[in-house]
Amino acid sequence: MLRKRRRVLADLRAERPGSGERPYGRSKGSGAYPEVVYRFLLTPRWLVLHVVVLLVIPAFVFLGRWQFGRYEERSGDSERITASLHAPAVPLARLAPPGAPSVRPADEYRAVEASGTYDAGHGLLVRRRPQNGMTGYYVLTPLITSPGQAVIVNRGWVPAGATADTPPQVPPPPTGQVTVTGRLRLAENEESAGIRDRRGLPPGQVLLIDTTAIGAGLPYKIVGGYVELTAQRPAPAGAPEPVPEPDVASGGGLNLAYGVQWWLFIAIAVGGWIFLIRREAADIKAGTTETDSANTDEERQEEPLPAAERPG
């Protein structure tokens, strides 16, 4: 009779959800089977997480590789510019002969020398050029190096006037023969300068050092780039403030740091994914253990007492 009663109770627990019956047909104390415990990985919530992780990993790999590529590119540019800045000056005509369509990018920032006379009548001001935390202008003046040939010289920077309509105070260029030393620069355009050109500016002002456009209004040929003045002989009594050297100290260091950061994110994403899986599995195993313990206690309560311990 007692055995029959226990079979009935077992059948009832098996039919009632959450009744405490050991799940998945596990035997007492056997532990959860791995294929059963990890069934939660196929639930919709976890499938979405798997997809997110599988999409994030290649995206972070791509971003890291892109940053490493930028690091190599900028480091190469930094080394080239540094070498050009410290190289001895060479005659301008050797790198940029008059009438040449453009300056070679590999020759940018090379120190060059040129002699001639300034053409003050065709000077220009370049608007929106900040320096020392202030808005100002670059001062451009053609230097005639030989009959019919010239080069645009950026003589330096001057602060803007008190108001937008007030012209800046510009020291005049020296008269007579001069020898200038400076950095050879490429002509600017909207893409390289990040400045949008427009018409309607005051006379004698431009937004870009576009030597092709500037040369179209001059009575002589000019080189395809310009010279950023660093020294001049004889030294003038007054001159615009020199344009500082480009800052190449950091090179591509930030890009290298960003690349490492993106790849660290990959490790964090994978590590977090594994951690969540292990924690979920541990919670399921812990819940199963508690259920087994409760079932064991219940079975012990149902077991008949030995004949010697029965009352009466």
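Notes on the structure follow.

1. Concerning the overall build of the chain
Looking only at helices and strands, the chain has seven helices and eight strands in total. Considering only intrachain contacts with a sequence separation of at least 6, the fraction spanning at least 24 residues in the chain is 71%. A total accessible area of about 19,300 Å² is found for the chain, and carbon and sulfur atoms account for 58% of it.

2. Structural notes on the nonpolar core
Counting residues in each nonpolar core, the largest one holds 17 residues, and the members touching the most others are Leu92, Val112, Tyr118, Leu143, Val151, Val180 and Leu184. For this core, the secondary-structure elements that each account for two or more residues are α4 (92-95), β2 (111-118), β5 (149-159), β6 (178-186) and β8 (221-233). Not counting chain neighbours up to four residues away, the residues in contact with Val151 comprise Leu92, Thr141, Pro142, Leu143, Thr145, Val223, Gly225, Tyr226 and Val227. Of all hydrophobic cores here, the second largest spans 15 residues; its members include Ala150, Ile152, Leu218 and Tyr220.

3. Some thoughts on the side chain of Arg127
Here Arg127 is to be found in the loop between β3 (124-126) and β4 (136-146). Setting aside residues no more than four positions away along its own chain, Arg127 makes contact with Gly136, Tyr137, Leu201, Pro202, Gln205, Val206 and Leu207.

4. So, the pairing of β4
It is a general feature of regular strands that their side chains alternate between the two faces of the sheet. Within β4, eight of the eleven residues are buried, which leaves it mostly tucked inside the rest of the structure. With two bridges joining them, β2 and β4 adopt antiparallel strand pairing. For Tyr118, the partnering residue across the bridge sits in β4 and is Leu143. In the sheet, β4 pairs with β5 via ten bridges, with the strands oriented antiparallel. Along β5, the bridge assignment pairs Pro142 with Ile152. Connecting β4 to the next strand, β5, in antiparallel fashion are two residues, including Gly148 with a positive phi near 80°.

5. Description of the environment of Thr117
Mapped onto the fold, Thr117 is located in strand β2. Taking the relative accessible area as the measure of exposure, Thr117 reaches 30% and is therefore partly exposed. With 59 residues separating them in the primary sequence, Thr117 and Gly176 have C-alpha atoms 5.7 Å apart. If we skip the residues at most four places from it in the chain, Thr117 touches Pro142, Leu143, Ile144, Gly176 and Gln177.

6. With respect to the packing of aromatic side chains
For the structure shown, the criterion picks out three aromatic pairs. Note on Phe60 and Trp262: the rings are 5.2 Å apart at their centroids and 45° apart in plane angle, and the pair reads as tilted. Of the two residues, Phe60 sits in helix α3 (residues 44-86) while Trp262 sits in helix α7 (residues 253-302), which places them 202 residues apart along the sequence. Residue classification places Phe60 among the buried positions, given a relative accessible area of 18%. Each residue in the set Phe60, Trp262 and Phe265 is aromatic and connected to the rest through ring pairs, giving one cluster. Its guanidinium or amino end placed over the ring of Tyr118, Arg155 lies 5.9 Å from that ring's centre, counting from NZ or CZ.

7. Some details on the environment of Ala160
Mapping Ala160 onto the fold places it in the loop between β5 and β6. Judged by its relative accessible area of 34%, Ala160 falls in the partly exposed class. As for Ala160 and Arg129, which are separated by 31 residues in sequence, their C-alpha atoms are 9.4 Å apart. Setting aside its immediate chain neighbours within four residues, Ala160 contacts Thr135, Gly136 and Tyr137.

8. A short note on unusual backbone geometry
A cis geometry characterises the amide bond from Arg233 onward to Pro234, with omega recorded as -5°. Looking at the secondary structure, you find Pro234 in the loop between β8 and α7. If you check the backbone angles, Arg128 has positive phi at about 60° while not being a glycine. Mapping Arg128 onto the fold places it in the loop between β3 and β4.

9. With respect to the pattern of salt bridges
Taken as a whole, this structure holds six salt bridges when the rule is applied. Glu108 is paired through a salt bridge with Arg185; the nearest N and O atoms lie 3.1 Å apart. Taken together, the residues span a long stretch of sequence, with Glu108 in the loop between α4 and β2 and Arg185 in strand β6 at a distance of 77 residues. Neither Glu108 nor Arg185 differs from the other in exposure class; each is buried. One salt bridge connects Arg185 with Glu228, and the closest N-O pair in it is separated by 2.9 Å. Taken as a pair, Arg185 in strand β6 and Glu228 in strand β8 lie far apart in primary sequence, 43 residues in all. Accessibility classification places Arg185 together with Glu228 in one group, the buried group. Residues participating in the shared-partner salt-bridge network are Glu108, Arg183, Arg185 and Glu228.

The rules behind each value
Residues numbered from 1 in each chain as written. Predicted model: local features only at pLDDT ≥ 70, side-chain atom pairs only at ≥ 80, totals over all residues. Heavy atoms only, no water. Helix = DSSP H or I, 4+ residues; strand = E, 2+ residues; numbered from the N terminus. Contact = heavy atoms within 4.5 Å. Areas by Shrake-Rupley, 256 points an atom, 1.4 Å probe, with all protein chains shown as cover. Core = buried A, V, L, I, M, F, W, Y, C linked by side-chain atoms within 4.5 Å. Buried < 20%, exposed > 50% of the residue type's maximum accessible area, 1.4 Å probe, protein only. Pairing = 2+ DSSP bridges. Phe/Tyr/Trp six-rings, centres within 6.5 Å; stacked < 30°, edge-to-face > 60°. Lys NZ or Arg CZ within 6 Å of the ring centre and 35° of its normal. Salt bridge = Lys/Arg side-chain N within 4 Å of Asp/Glu carboxyl O.

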